[in-house]
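Each chain, letter by letter, is given below.
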Amino acid sequence: MNKKGELITQNRIGFERLNIALGVLYKEWYELISKQLSNLEGINLELGCGASFIDEIIKSIKKSDVFFNSNTDLKLDAMEVGIKFENKISNLILVNVFHHISNPELFLRSAEKSLLSGGRIIMIEPSNNIWSRFVYKLVGHEKFDTSQISWVFKSKDPL
């Protein structure tokens, strides 16, 4: 796939030890997610794990990404989750991933097929507010286009 993206993702692993504040924030998110999990006997799957350390909080989780690296259990395109895991997922977790999916409606249909009856999709996503727009301008690592009128967009790079 995209070697540059693979390298970027691999280099981010361990970010929580380098940026303590960001690590604390992600740990808080992972703990919030852990409290929302369904108790169904199925697979807990994180999509787009990147440099995630969610497995330190949720021991039973499988981590996936579009790139396979030392932090992933499996390589998986989010659009294929319903095909590869039909009726097998108890909890589908996305942390800062949904806004990268170029066709959210198709993804949600696929995700629905992956879930066991009573399964959950649990997401944490950026907020579009005054503070976040300021932060995104400062950080600038992701395009933040407030003029976008459709949920569907063309993607050249999964990152």
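Refer to the structure presented above.
Residues numbered from 1 in each chain as written. Predicted model: local features only at pLDDT ≥ 70, side-chain atom pairs only at ≥ 80, totals over all residues. Heavy atoms only, no water.

1. Notes on the overall build of the chain
And step 1. When helices and strands are counted, the chain shows 6 helices and 5 strands.
And step 2. Its helices and strands in sequence order give the chain the pattern α-α-α-β-β-β-α-β-α-β-α, from N to C terminus.
And step 3. Pairs at least 24 residues apart make up 64% of the contacts formed inside the chain by residues separated by at least 6 positions.
And step 4. By element, 55% of the accessible surface of the chain is carried by carbon and sulfur atoms, the whole surface being about 10,100 Å². (Helix = DSSP H or I, 4+ residues; strand = E, 2+ residues; numbered from the N terminus. Contact = heavy atoms within 4.5 Å. Areas by Shrake-Rupley, 256 points an atom, 1.4 Å probe, with all protein chains shown as cover.)

2. Details of the pairing of strand 4 (residues 89-95)
And step 1. The buried count for strand 4 comes to 7 of 7 residues, which makes it a mostly enclosed element.
And step 2. Here 6 bridges tie strand 4 to strand 5 (residues 115-124), and the two strands are oriented parallel to one another. Bridging from a neighbouring strand, Leu94 pairs with Met123 of strand 5.
And step 3. A crossover connection joins strand 4 to the parallel strand 5 through helix 5 (residues 104-114); in handedness this β-α-β unit is right-handed. (Buried < 20%, exposed > 50% of the residue type's maximum accessible area, 1.4 Å probe, protein only. Pairing = 2+ DSSP bridges. Right-handed = clockwise from strand over helix to strand, strands pointing away.)

3. Considerations on the environment of Lys84
And step 1. Tracing the sequence through the fold places Lys84 in helix 4 (residues 81-84).
And step 2. Residue class for Lys84 comes out partly exposed when judged on its relative accessible area of 46%.
And step 3. Along the primary structure Lys84 and Lys113 are separated by 29 residues, whereas in three dimensions their C-alpha atoms are 9.7 Å apart.

4. Observations concerning the sheet that holds strand 2 (residues 61-65)
And step 1. Taken in spatial order, the 5 strands of this open sheet run 3-2-1-4-5, and their pairing is parallel. Two strands close off the open sheet at either side, each with one partner strand: strand 3 (74-75) and strand 5.
And step 2. Packed on one face of the sheet, helix 5 meets strand 1 (43-47), strand 4 and strand 5 and runs near 135° to strand 5. (Axes fitted to C-alpha atoms, helices over the stretch in contact; angles between N-to-C directions.)

5. Concerning the pattern of salt bridges
One side chain can pair with another of opposite charge once the charged atoms of both are near each other.
And step 1. Scanning the entire structure with this criterion turns up 4 salt bridges.
And step 2. For the salt bridge of Lys63 with Asp55, the shortest nitrogen-to-oxygen distance reads 3.1 Å. (Salt bridge = Lys/Arg side-chain N within 4 Å of Asp/Glu carboxyl O.)

6. Some words on the side chain of Glu46
And step 1. Take Glu46: it is sitting in strand 1.
And step 2. Here Glu46 occupies a buried position and makes no salt bridge, while the nearest side chain of opposite charge, Lys63, is found at 5.6 Å.
And step 3. If sequence neighbours within four positions are ignored, Glu46 has contacts with Ser52, Ile54, Ile61, Lys62, Lys63, Ser64, Ile93 and Val95. (Lys, Arg positive; Asp, Glu negative; His and termini not counted.)

7. A closer look at the packing of aromatic side chains
And step 1. As enumerated under the stated definition, the model contains 5 aromatic pairs in all.
And step 2. On the numbers, 5.9 Å between centres and 70° between planes, the contact of Tyr26 with Tyr30 is edge-to-face. You can see Tyr26 and its partner Tyr30 sitting in helix 3 (residues 20-34), 4 residues apart, about one turn around the helix.
And step 3. For Tyr26, a relative accessible area of 16% gives the class buried.
And step 4. Residue classification places Tyr30 among the buried positions, given a relative accessible area of 1%. (Phe/Tyr/Trp six-rings, centres within 6.5 Å; stacked < 30°, edge-to-face > 60°.)

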